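Architecture and fold: a report
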Amino acid sequence: MTSQNPRPAAAPTDYRLRLRDCVLGAQMLFVAFGALVLVPILTGLDSNVALFTAGVGTLLFQLCTRGRVPIFLASSFAFIAPIIYGVQTWGMPQTLGALVCCGFVYFVVSALVRWRGTEFVLRLLPPIVTGPVIVVIGLVLAPVAVNMALGKTGDGGQQLVPGNLALWISMTSLAATVLVSLLGKGFLRLTPILCGIVAGLIACLILGVGDWGSITAAPWLRLPHFIFPEFALEPVLFIIPITLAPVIEHFGDIMAISSVTGKDYLKDPGIHKTMFGDGLATMVAAAVGGPPCTTYSEVTGAVALTRAFNPAVMTWAALCAILLSFVAKIGAFLGAIPVPVMGGIMILLFGAIMVVGLNTLVRAGKDLMEPRNMIIVALVIIFGVGGMQFSIGSFKLGGIGLAAVTGVLLNLLLPRSRA
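Residues numbered from 1 in each chain as written. Predicted model: local features only at pLDDT ≥ 70, side-chain atom pairs only at ≥ 80, totals over all residues. Heavy atoms only, no water.

Focus on empty space enclosed by the protein
One pass over the full model with this rule turns up 1 cavity of 30 Å³ or more. The computed volume of the largest cavity comes to approximately 40 Å³. Around the largest cavity, the lining residues are Leu-125, Val-129, Thr-130, Val-133, Ile-248, Phe-251, Gly-252 and Ala-404. When contributions to the lining of the largest cavity are tallied by element, the ones reaching two or more residues are α6 (127-149) and α11 (244-261). Partitioning the lining of the largest cavity into residue classes produces 6 nonpolar, 2 polar and no charged. (1 Å grid on protein atoms, 1.4 Å probe; cavity = no way out; pocket = protein on both sides within 12 Å on 5 of 7 lines; lining within 4 Å. Points joined across faces, edges and corners; volume = space filled by probe spheres on them. Helix = DSSP H or I, 4+ residues; strand = E, 2+ residues; numbered from the N terminus. Nonpolar A, V, L, I, M, F, W, Y, C, P; charged D, E, K, R; others polar.)

What to know about the side chain of Asn-373
Along the chain, Asn-373 turns up in helix α17 (residues 371-386). In this structure, Asn-373 is in contact with Ile-128, Lys-366, Asp-367 and Leu-368, ignoring residues within four places of it in sequence. (Contact = heavy atoms within 4.5 Å.)

Considering the packing of α17 against helix α18 (residues 399-413)
At a closest axis distance of 8 Å, the pairing of α17 and α18 adopts a crossing angle of 165°. What the angle tells us is that α17 and α18 run roughly antiparallel. In this structure, the crossing between α17 and α18 has a hand that is right-handed. Counting all contacts with α17, which are made through Arg-372, Ile-375, Ile-376, Leu-379, Val-380, Phe-383 and Gly-384, the residues of α18 involved are Gly-399, Leu-402, Ala-403, Thr-406, Gly-407, Leu-410 and Asn-411. Of the residues in the contact of α17 with α18, the class split is 8 nonpolar, 5 polar and 1 charged. (Axes fitted to C-alpha atoms, helices over the stretch in contact; angles between N-to-C directions. Parallel < 35°, antiparallel > 145°, perpendicular 65-115°, else oblique. Left-handed = near helix turned anticlockwise from the far one by under 90°.)

A few points about the nonpolar core
Residues Met-28, Leu-29, Leu-36, Phe-72, Ile-197 and Val-299 are the most contacted members of the largest nonpolar core, which totals 92 residues. Residues within four places of Leu-29 in sequence aside, it is in contact with Leu-36, Leu-51, Phe-72, Ala-317, Cys-320, Ala-321 and Leu-324. Counting residues in each nonpolar core, the second largest holds 17 residues, with Ala-98, Val-100, Val-236 and Ala-286 among its members. (Core = buried A, V, L, I, M, F, W, Y, C linked by side-chain atoms within 4.5 Å. Buried < 20%, exposed > 50% of the residue type's maximum accessible area, 1.4 Å probe, protein only.)

Topic: the pattern of salt bridges
If you walk through the whole model with that rule in mind, you get 3 salt bridges. Residue Asp-46 pairs with Arg-222 through a salt bridge whose shortest N-O separation is 4.0 Å. Highlighted residues: Asp-46 in the loop between α1 (7-43) and α2 (47-64) and Arg-222 in the loop between α9 (213-217) and α10 (233-239), separated in sequence by 176 residues. For Asp-268, the salt bridge goes to Arg-66, with nearest N and O atoms at 3.3 Å. Here the residue Asp-268 occupies a position in helix α12 (residues 266-287), and Arg-66 occupies one in the loop between α2 and β1 (73-75), the gap between them amounting to 202 residues. (Salt bridge = Lys/Arg side-chain N within 4 Å of Asp/Glu carboxyl O.)

Some remarks on the layout of surface pockets
Estimates place the volume of the largest pocket at around 1,200 Å³. A breakdown of the residues in the lining of the largest pocket according to their chemical character gives 22 nonpolar, 15 polar and 4 charged.

Structure representation (structure tokens):
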């Protein structure tokens, strides 16, 4: 007879949803962590600053896109070589100044897209171009995953864990991820990557792999070592052309996450806004001593695997990254995780990216045996994966960027089928 108020029953549900999103966000950060800190490790930048700028960059991206796109921004691999050369030639501050200027390239492209419209982008980047480019993204990253799974650094230059032990660890983490994603129930099914990491760490403890002394030695709290830029013309002219590759890669990444979620982010919030957000994140990151930001394919693979399409998950990932940037002991723990643990998981994630590209072609219904389509797909994949590179002076284009440019040019120049 008495009326019942539905509000008390809603609160636990909201709490559980927030807790779930927080855990999923932490999982996304774990996925991105290996690649995120690899760039500062190779270039001499501070890893805690990279964590901080990844979090701030992701929040800025969400602000620019009105929180519509479930994507995470962090350290860009495209700038590793130019940062190393720039630091050796002009020093860190002037190199950072050039990286700040790279953000303006994103702004210019964003303005062009806004002026000509999304249809302009779709004409330049139809599925016959974006599909194979997304495939290339997965395949180009594949050696990094395999090297890590075998106990090496991402570039394969150094053996960090003995090969046989590394293989046991990486396959344990991979198997746990696969089993949880297929057989897990309820909340557990949403955390296959965290389960894979836990399984990999248990394997490390059993096999006696890992050096955990750095965790004890690290302080609990430490301010990230921020460095501020200086500006000079020569490093700016050297580094700015390299921005073309990650700018073009951005289109492929937005296409990939659109394919995963089934939403057209080219139109809503618009590729010009995602591009602007990426450029703003890059500028802010370089302004405090962090590597330029880019949309992370690893996290797109994790979104595809977990089906966590809520952009709020990335907000939690960003907040976790910012908090961890001030906690040196937690950062030391993350840095101490042996590479095979993440290597095994990344094999699956990068494979998922490749499958997204294949699915883009399948959904478009293109006949790949038709000569024009065959030529575009074949050259994009072989140029991108095979290591083809073109150089004009200090400007170099290869890998994913070259694959994207090749696809766009072939699509514009090759005659259409008369049938």
